[in-house]
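Next come the chains, spelled out residue by residue.
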Amino acid sequence: MSHVHIIGGGLAGLSAAVELAPQAQVTLYEAGPVCGGRARSYYDRTLEVTIDNGNHMLLSANPYSFRYLDLIGARNTLKGPGKPIFPWYDLDDGLRWCLRLSKGKIPFWLLSRRSRVPGMDLKEVLSLRRLMKANDKMTVAECLSSGEFTRRLLAPLAISALNTDLESASAALLGNIIKKTLAQGGQACCPWVAKNGLSESFVNPALTYLEKFYSRILFGTRVSALRRENGRVISFRTFDREIVLGAEDSVILAVPAPVASSLLPELEVPNAFESIANAHYRLPYKIKAKGDVGKAGFIGLVGGMAEWVFLHDNVLSVTVSAANRYSEYSNETMLDMIWEEISQALGAVIEGSLPLTTPASRFIREKRATFAATPEQNKRRPGAKTSSENLALAGDWTDTGFPSTIEGAIQSGLEAVAALGFRSALKRS
Ligand SMILES: Cc1cc2nc3c(=O)[nH]c(=O)nc-3n(C[C@H](O)[C@H](O)[C@H](O)COP(=O)(O)OP(=O)(O)OC[C@H]3O[C@@H](n4cnc5c(N)ncnc54)[C@H](O)[C@@H]3O)c2cc1C
């Protein structure tokens, strides 16, 4: 039986491992003490709750993610409103609304004042077309028109999806997302988040699945060098030994881009990154919201620092994308500023009242959360195949056609499996 060595236990590596486990002997080498990489949860001793390193949202139009969750038996660990609704609050003028997309492809929602973005001009919708037709040099800002549809919907969606400021972000990458989501109708845009943490949804069930196939997971095992000869990887080094590959063996390198380029110096990879900041606030009671916010379990904010606020039992978790722009602010300042924004946005829609001062909180900055999704960086993304016949690449930074996302990472794992000649569920359009 062939033996596939997977280096890196983030979602790309786990996706490849889950796909390969029924077909080959799999060994996964993870440098850290746990798998999950940039999408994991952990018990925070100060807050005394389990939190995610970063809030992650999936949309129903993420087919590979849902297939992966089905394989590992974890689809029911996600929660969401079950319909395409997005409650919003504008911090500049205190306006509250809910975007309600029509289920089918015809966008009736654009014609209904109750469903669309308040103050929008229908002409602004043409920017969606410009984004879907954008070439690989154009930026998002070049395709947007000015108006409330842009300010209150497209700009916040673009910055969350691409994690890059709109003046430099790739229009083609955003266009690809729009083609798979908004253009397919509301059915493709239902929001989902992990109910009890990312590890409970994406990581632990995958490890249990892999155990059933006797796959080996080696934690705390950093791979520090690959040896190649005659167009093949012949061995690689971990901290305590050299692993020598047999004639049937292959390797999937599923590490972050900078690690991949240190192991394969000739490889061109994205080399500019953006951070994401997350603020978590623990309250002494379970938070219950009324109306659309209660149904959705989150709210989008416009006009401030916070972009999304997620309600999880007694924890409010906030996302701030493209956070390099706030690198001068201290964590304490950010926590206080964000708490004021939350109080403004949620004060009127939760049962009871929010504390007047910042409650127990944790601030996490993921410095290299994603590659900067610019046209220049997008060109630096390699495909899964390499010049070594038994070596394939995976990771959200490989050429998936999408920015850094869970869906991109899981798709990249399938691409690597296909590149090595194994069966894979990959369907490339
Ligand atoms: C704060 C934050 C918020 C996000 N929000 C969203 C969101 O809302 N929706 C969404 O879809 N996506 C989101 N993302 C992006 C998503 O998390 C990533 O795209 C995805 O997790 C990347 O997975 P990966 O396997 O490609 O890389 P990684 O998760 O980086 O995995 C790489 C793994 O390789 C290991 N490794 C590194 N070096 C070595 C070595 N030498 N040997 C062995 N192992 C090694 C690492 O420890 C790690 O486990 C977010 C990311 C962050 C950080």
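What counts as what
- In this convention, every chain numbers its residues from 1, walking through the sequence in written order.
- Local features in this predicted model are restricted to residues whose pLDDT is 70 or higher, and side-chain atom pairs enter the listing and the counts only when it is 80 or higher, whereas totals over whole chains, interfaces and linings include all residues.
- With hydrogens and water excluded, all non-hydrogen atoms of the structure serve as input to the side-chain values.
- Neighbouring residues are identified by heavy atoms, a residue being near a molecule or strand if any of them is within 4 Å of it.
- Within 3.5 Å is the distance limit for a polar contact, defined as a pair of N or O atoms, with the added protein rule that one can donate a hydrogen and the other accept it, and that residues adjacent in sequence qualify only through two side-chain atoms.
- With residues, only the protein chains shown are counted as cover, and all accessible areas are computed by Shrake-Rupley using a 1.4 Å probe.
- Comment: elements are numbered from the N terminus, with helices defined as DSSP H or I runs of at least four residues and strands as E runs of at least two.
- Think of it as three bins: nonpolar holds Ala, Val, Leu, Ile, Met, Phe, Trp, Tyr, Cys and Pro, charged holds Asp, Glu, Lys and Arg, and polar takes everything else, Gly as well.
- As annotated, the domain borders come from an automatic or database domain assignment.
- Working definition: a disulfide is two cysteine sulfur atoms within 2.5 Å of each other.
- Exposure categories follow from relative accessible area, calculated using a 1.4 Å probe and restricted to protein chains: below 20% of the type maximum is buried, above 50% is exposed, and the middle band is partly exposed.
- By definition, two strands form a pair when at least two bridges between them are found by DSSP.
- What counts as an axis is a line fitted to C-alpha atoms, over the stretch in contact for a helix, and the angles between N-to-C directions run from 0 to 180 degrees.

Topic: the site of the ligand
Line of reasoning, step 1. Around the ligand, 34 residues are found, and the nearest of them are Glu30, His56, Met57, Asp396 and Ile406.
Line of reasoning, step 2. Glutamate 30 has a polar side-chain atom sitting 2.6 Å from an oxygen atom of the ligand.
Line of reasoning, step 3. At 2.8 Å from an oxygen atom of the ligand is found a main-chain nitrogen or oxygen belonging to methionine 57.
Line of reasoning, step 4. In the complex, 91% of the free accessible area of the ligand, which totals 1000 Å², lies under the protein chains.
Line of reasoning, step 5. For the shell around the ligand, the secondary structure elements donating two or more residues are helix 1 (11-20), strand 15 (273-282), strand 19 (361-371) and helix 12 (406-419).
Line of reasoning, step 6. Looking at side-chain class alone, the shell around the ligand contains 16 nonpolar, 13 polar and five charged residues.
Line of reasoning, step 7. Two domains each provide a minimum of three residues to the shell around the ligand, namely domain 1 (3-33 + 219-270 + 374-419) and domain 2 (43-81 + 191-197 + 273-371).

A look at the state of the cysteines
Line of reasoning, step 1. Within the structure shown, the criterion is met by zero disulfides.
Line of reasoning, step 2. For cysteine 189, which is in no disulfide, the shortest distance to another cysteine sulfur is to cysteine 190 and amounts to 7.5 Å.
Line of reasoning, step 3. Cysteine 189 gets classed as buried once you look at its relative accessible area, which sits at 3%.

Details of the sheet that holds strand 18 (residues 315-320)
Line of reasoning, step 1. Ordered by their spatial adjacency, seven strands build an open sheet running 8-7-16-17-18-15-19, and the pairing between neighbours is mixed. The sheet is open, and its two edges are formed by strand 8 (95-100) and strand 19, each paired on a single side. The sheet shows a mean angle of 25° between the axes of neighbouring strands, taken without regard to direction.
Line of reasoning, step 2. As defined by bridge partners, strand 15 adjoins strand 19 across eight bridges and the pair is classed as antiparallel.

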